[in-house]
Protein chains: 2
Amino acid sequence: MIRPFVNELGDLQNKILEMGGLVETSIHNTIRSLVERDEKLMAGLWDNERRINQLDIDIDESATRLLALHQPVARDLRFITASIKINSDLERMGDLAVNLAQRSLSMLKRPPFRPLVDIPHMSKIVEAMVRRSLDAFVRRDAALAQNVVMSDDEVDDLKDSIYRELLELMETGEAPPGPAFDLIFIAHNLERVADHATNIAQDVLFLVKGVDVRHHHLS
Amino acid sequence: MIRPFVNELGDLQNKILEMGGLVETSIHNTIRSLVERDEKLMAGLWDNERRINQLDIDIDESATRLLALHQPVARDLRFITASIKINSDLERMGDLAVNLAQRSLSMLKRPPFRPLVDIPHMSKIVEAMVRRSLDAFVRRDAALAQNVVMSDDEVDDLKDSIYRELLELMETGEAPPGPAFDLIFIAHNLERVADHATNIAQDVLFLVKGVDVRHHHLS
């Protein structure tokens, strides 16, 4: 039985939402495990990663099948090409969540290092960007998408200030190189997650407005 | 006048090749400028970045138009969806080349720090991966694509050994934190470029064989 096109588009959207939820949960639990120094909080992460990889394949297959079978045009076509791109961003975000977890495990094996500079604060902003980029996708909400794009500058500034702070702590001998390197990587990977959320928001803007906002500054 | 479909596919492929050439040149010149301590070698980089961003938009527009106008199926459809994904990887690689250049400029402003550990060697492997992933795309050459996928492990190992070496040099006081951080970032960004080249190679394998090789180990 061939299912109605509109149902298939809905399924595609639900898979993307599931993937986004898994990414957000993985990042949230990783940073919590770092703050609470409890690696058990990362336990579900490897299952999440496997599921994300399966969804990546499923979404690409669904999108390609929809293009071939229904030959959509206009807004449906833009929705499907946006889904292919958002899928690719989410899959990378899943990989980044694994990198974050590996680096956090490395930190938890060392003696406690405090403070975690601005990492927990940065993570909160990044998690919200992930969630809002997908809310914007579901609701076709250009204002919310634009909000995500603007948060990206805040995240970049935070990463720069974390970098400067850690470099200073190392130069004065207050931070040993090992944990400082780990925290720099964690900040760097969180920034990359934010970049992917920004890509998703830009795809949403294109989907809603039909205007390509990449490589232009939004006011 | 509507141009023949096959010419439009050829144009799409040429734009992707142009983008790949710009990425490779930018990375090559950045690492050369670091080795020779001559920032003039990076002069063309900002023009390359602008051109890459324009090509990113052009390729997405062409691909979407081809899907809408010609409603291709089978291999042509796979070619166009592969182009959308390869375009997205190349655009990120262009951003990474800019990150590499910014970090290199920061290093050139400091007193010379030697040696550059295994960075020049790592860069050569990564540049070759970029070139070969696109050669594989043009020639629909699965063996060459598989070769790129396998090089990725070598790059990961190199990055790990550069990281360990720099950490040791810092712990013994032989490397100051500033340049060591810069080199870690450069290695990290080169590894990310290699990841994107690997994504492209996997898209080529899917295009040629119609088999999804993501998230599976190749023997």
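All values derive from a computational prediction rather than experimental measurement.

A.B. asks: Is there a simple way to think about the overall build of chain A in this case?
C.D. replies: For chain A, the helix and strand inventory stands at six helices and zero strands. Helices and strands in chain A line up, N terminus first, as α-α-α-α-α-α. The C-alpha atoms of chain A give 19 Å as radius of gyration, which agrees with the globular expectation for 219 residues (17 Å, within 12%). Its C-alpha atoms give chain A principal-axis dimensions of about 65 × 40 × 20 Å. Taking all 219 residues of chain A together, 47% fall into the buried category.

A.B. asks: Can you help me understand the environment of B:Pro72 in this one?
C.D. replies: Residues and elements named next belong to chain B. Inspection of the secondary structure puts Pro 72 in the loop between α2 (45-70) and α3 (74-109). Expressed as a C-alpha distance, the spacing of Pro 72 and Phe 5, which sit 67 residues apart in the sequence, is 9.5 Å. Contact partners of Pro 72, with chain neighbours within four places excluded, come to Leu 66, Leu 77 and Ile 80.

A.B. asks: Quick question: what am I supposed to make of the relation of the copies chain B and chain A here?
C.D. replies: Both copies of the chain are related through a single rotation about an axis accompanied by a shift along the same axis. The transformation that overlays chain B on chain A combines an axial shift of 0.0 Å with a rotation of 180 degrees, and the residual RMSD is 0.0 Å. On this basis, the relationship between the two copies can be described by a two-fold rotation axis. Taking C-alpha positions as the reference, the residue of chain B nearest the rotation axis is B:Gln71, at 2.8 Å. Of the interface residues in chain B, 100% have counterparts in chain A that sit at the interface too, so the contact is made through matching surfaces.

A.B. asks: Would you mind showing me how to read the interface of chain B and chain A here?
C.D. replies: Size of an interface, as often reported, equals the accessible area lost when the parts are brought together. Across the contact, 23 residues belong to chain B and 23 residues belong to chain A. Secondary-structure elements contributing two or more residues to the side of chain B that touches chain A are α2, α3, α5 (142-171) and α6 (177-209) of chain B. It is α2(B) that provides the largest number of residues to the side of chain B that touches chain A, a total of six residues. Tallied by class, residues from the side of chain B that touches chain A come to 11 nonpolar, seven polar and five charged.

How each quantity is defined
- Note that residues are indexed from 1 along each chain, following the sequence as it is written.
- Chains and ligands are labelled sequentially in the order written, the chains with letters from A and the ligands with numbers from 1.
- Given that the model is predicted, a residue must reach a pLDDT of at least 70 before its local features are reported, and side-chain atom pairs must reach 80 or more before they are shown or counted; all residues, however, enter totals for whole chains, interfaces and linings.
- Secondary structure elements follow DSSP: runs of H or I no shorter than four residues count as helices, runs of E no shorter than two count as strands, and numbering proceeds from the N terminus.
- The globule rule used here is 2.2 Å times the number of residues to the 0.38 power, and the radius of gyration it is set against is calculated over C-alpha atoms.
- Exposure classes come from backbone-placed C-beta atoms, where a residue is buried if 20 or more other C-beta atoms lie within 10 Å of its own, exposed if 12 or fewer do, and partly exposed in between.
- Note on contacts: each residue gets a C-beta atom placed from the backbone, and two residues are in contact if those atoms are within 7 Å.
- Least-squares superposition of the copies uses the C-alpha atoms of those residues scoring a pLDDT of at least 70 in each of them.
- Three residue categories are used. Nonpolar comprises Ala, Val, Leu, Ile, Met, Phe, Trp, Tyr, Cys and Pro, charged comprises Asp, Glu, Lys and Arg, and polar comprises the others, including Gly.

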